[in-house]
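Descriptive analysis of the structure
Chain by chain, the residues:
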Amino acid sequence: MPIKVVALAGGIGGARFLKGLRLIDDLEISVIINNGDDINMHGLRICPDLDSVIYNLAGESDLVRGWGRKDETWVVQQQLAHYLGEEQWFNLGDKDYATHIYRTNLLNNGIELSEIVKLQCAKWGIGLNLMPATNDFVQTQVQLTDGQQIHFQEWWVKHRAALPATGFELIGAETAKPAPGVLDAIAQADLIILPPSNPIVSIGMILRIPGIRAAIMAASAPVVGVSPIIGGNPVLGMADKCLTALGLETSATSVAAQYGDLLDAWLIADTDDEQVSAITNLGIKCESAPLLMTDDQAAKEIAMRAIGMTR
Ligand code: GDP
Ligand code: CA
């Protein structure tokens, strides 16, 4: 019998981890992916984290840039900039545009996002069960210290997370429902994994879709997480800016405390070994290991270690 694993995921950190996880034998893997980054641009629905995971698992992502398709060209974006008379702050390549046109057209014809994700997965030959957290349109908004609210993408991409912020809202969450299959997968899981994704705006926003956090708390499966923070820094990206905005320290311990009673086990970096006892004192089983996902094999070893903590 395969072990039924459910993983929550944002974009690049989640995708790197999943590329290792899927190398492990005898797992049946379901993935619940963050929709908080979703945004409408030029009349198209962009789902950055869904696409990051799909492109990475398909071997089609640009590994240097960390987002979008490899071997991209930028003709559409340049032509849009020409029409609009200004540079576009949200970069989308031509191959990427094809994804957004395809998805938006299907959405406009009444096809649910979760069905479109299945079509994408079939097209790319991705053997995992990928699901959006919700089929409803939700968007993460950043609360700025000057009282303004802006879309997360504008804060993150246009302003490089440099505008002082005090919090994050998930607009549309009150009425959003988990996508079909999400709650069942959690209830039937043998193991639930929180990969090293951004704890606030990736995993945190999945947990804000009504019912998902409660389902994980109620599930019989143990929950194990892998720290995205090594030392006082995110491995890449600006997750520290999200933690700082909430008045939280950037450390493996701080992220564990943020997840709180959701976690049964938390894997931290070997270089953060001195934090093991503080995390154990929170009532969370804690071990340390090398946590750099330098390649798929390294990610596989991290995933095996995390799974091993619960068995
Ligand atoms: P995003 O939506 O593209 O920002 O991606 P995620 O939310 O899935 O992941 C972002 C997080 O991945 C960042 O906080 C990084 O610290 C973390 N990350 C990326 N690469 C690694 C790695 O090799 N090891 C660990 N432990 N974390 C990583
Ligand atoms: Ca993201």
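**Considerations on the overall build of the protein**
Within the protein one finds 13 helices and 14 strands. Each principal axis of the C-alpha distribution contributes one length, and for the protein these read about 60 × 50 × 40 Å. Considering the protein as a whole, with its 311 residues, one finds that 56% of them fall into the buried category. Look at the contacts in the protein between residues 6 or more apart in sequence, and 67% of them connect residues 24 or more apart. Total accessible area on the protein stands at roughly 13,400 Å², and carbon and sulfur atoms take up 51% of it. Each charge class in the protein can be summarised by its mean position, and for the 22 positive and 36 negative side chains these summaries are 4 Å apart.

**Concerning the sheet that holds strand β6 (residues 139-144)**
The sheet built from three strands is open, its strands ordered β7-β6-β8 with antiparallel pairing. Edge positions in the sheet fall to β7 (149-151) and β8 (165-171), since each of these pairs with one other strand and no more. Each adjacent strand pair in this sheet contributes to an overall mean axis angle of 30 degrees, direction not counted. Relative to β8, β6 is paired through six bridges, and the arrangement is antiparallel. Paired with Q139 across the strands is I171, a residue of β8.

**Remarks on the packing of aromatic side chains**
Enumeration over the complete set of coordinates arrives at seven aromatic pairs. Ring geometry for F152 versus W155: centroids 6.3 Å apart, planes at 45 degrees, classification tilted. In this pair, F152 and W155 are both assigned in helix α6 (residues 152-158), three residues apart and thus about one turn of the helix distant. On the accessibility criterion, F152 (2% relative accessible area) is buried. Classification of W155 as buried rests on a relative accessible area of 1%. Taken together, a centroid distance of 5.8 Å and an interplanar angle of 75 degrees make the contact between Y259 and W266 edge-to-face. As far as burial versus exposure is concerned, Y259 and W266 are alike and both buried. Connected via pairs of aromatic rings, a cluster forms that spans F152, W155, W156 and F168.

**Points about the site of ligand 1**
With respect to spatial proximity, 20 residues lie near ligand 1, and among them S197, S202, P228, L291 and M293 are the closest. At 3.1 Å, a backbone N or O of G13 approaches an oxygen atom of ligand 1. Surface burial for ligand 1 is 93%, taken as the share of its 590 Å² of free accessible area covered by protein chains. Most atoms of ligand 1, that is more than half of them, are within 2 Å of grid points of the largest pocket. Looking at the shell around ligand 1, the element that brings in the most residues is helix α1 (residues 12-21), giving four residues.

**Section: the coordination of the calcium ion (ligand 2)**
Those donors, D37 (OD), D49 (OD) and D49 (OD), are the protein atoms that reach the calcium ion (ligand 2), and they lie 2.1 to 2.7 Å from it. Taken together, the positions of D37 in the loop between β2 (27-33) and β3 (39-41) and D49 in helix α2 (residues 48-57) put the pair twelve residues apart, joining distant regions of the chain. Both residues of the pair, D37 and D49, count as buried.

**Some points on the side chain of S30**
Take S30: it is sitting in strand β2. Excluding anything up to four places from it in sequence, S30 contacts V5, V6, A7, N129, M131 and A185.

**Observations concerning the pattern of salt bridges**
Scanning the model with the defined rule gives nine salt bridges in all. Between R69 and E60 there is a salt bridge whose closest N-O contact spans 3.3 Å. Comparing R69 with E60 shows no difference in burial state: the two are buried. As a salt-bridge pair, K118 and E115 come within 3.5 Å of each other at their nearest N and O atoms. With K118 and E115 both in helix α5 (residues 113-124) and three residues apart, this pair spans about one turn of that helix.

**As for the environment of A133**
Looking at the secondary structure, you find A133 in the loop between β5 (129-132) and β6. What A133 contacts, discounting residues up to four positions off in sequence, is I32, I33, N35, K177, P178, A179, V182, I206, I209 and I212.

Quick notes on the rules
- Residues numbered from 1 in each chain as written.
- Chains lettered and ligands numbered in written order.
- Predicted model: local features only at pLDDT ≥ 70, side-chain atom pairs only at ≥ 80, totals over all residues.
- Heavy atoms only, no water.
- Helix = DSSP H or I, 4+ residues; strand = E, 2+ residues; numbered from the N terminus.
- Buried < 20%, exposed > 50% of the residue type's maximum accessible area, 1.4 Å probe, protein only.
- Contact = heavy atoms within 4.5 Å.
- Areas by Shrake-Rupley, 256 points an atom, 1.4 Å probe, with all protein chains shown as cover.
- Lys, Arg positive; Asp, Glu negative; His and termini not counted.
- Charge placed at Lys NZ, Arg CZ, Asp CG, Glu CD.
- Pairing = 2+ DSSP bridges.
- Axes fitted to C-alpha atoms, helices over the stretch in contact; angles between N-to-C directions.
- Phe/Tyr/Trp six-rings, centres within 6.5 Å; stacked < 30°, edge-to-face > 60°.
- Near = heavy atom within 4 Å.
- Polar contact = N/O pair within 3.5 Å; in protein donor to acceptor, adjacent residues only side chain to side chain.
- 1 Å grid on protein atoms, 1.4 Å probe; cavity = no way out; pocket = protein on both sides within 12 Å on 5 of 7 lines; lining within 4 Å.
- Sits in = over half its atoms within 2 Å of the grid points.
- Donors = N, O, S within 2.8 Å, 3.2 Å for Na, K, Ca; no water.
- Salt bridge = Lys/Arg side-chain N within 4 Å of Asp/Glu carboxyl O.

Keep in mind that these numbers describe shape and distance, not what the molecule does.
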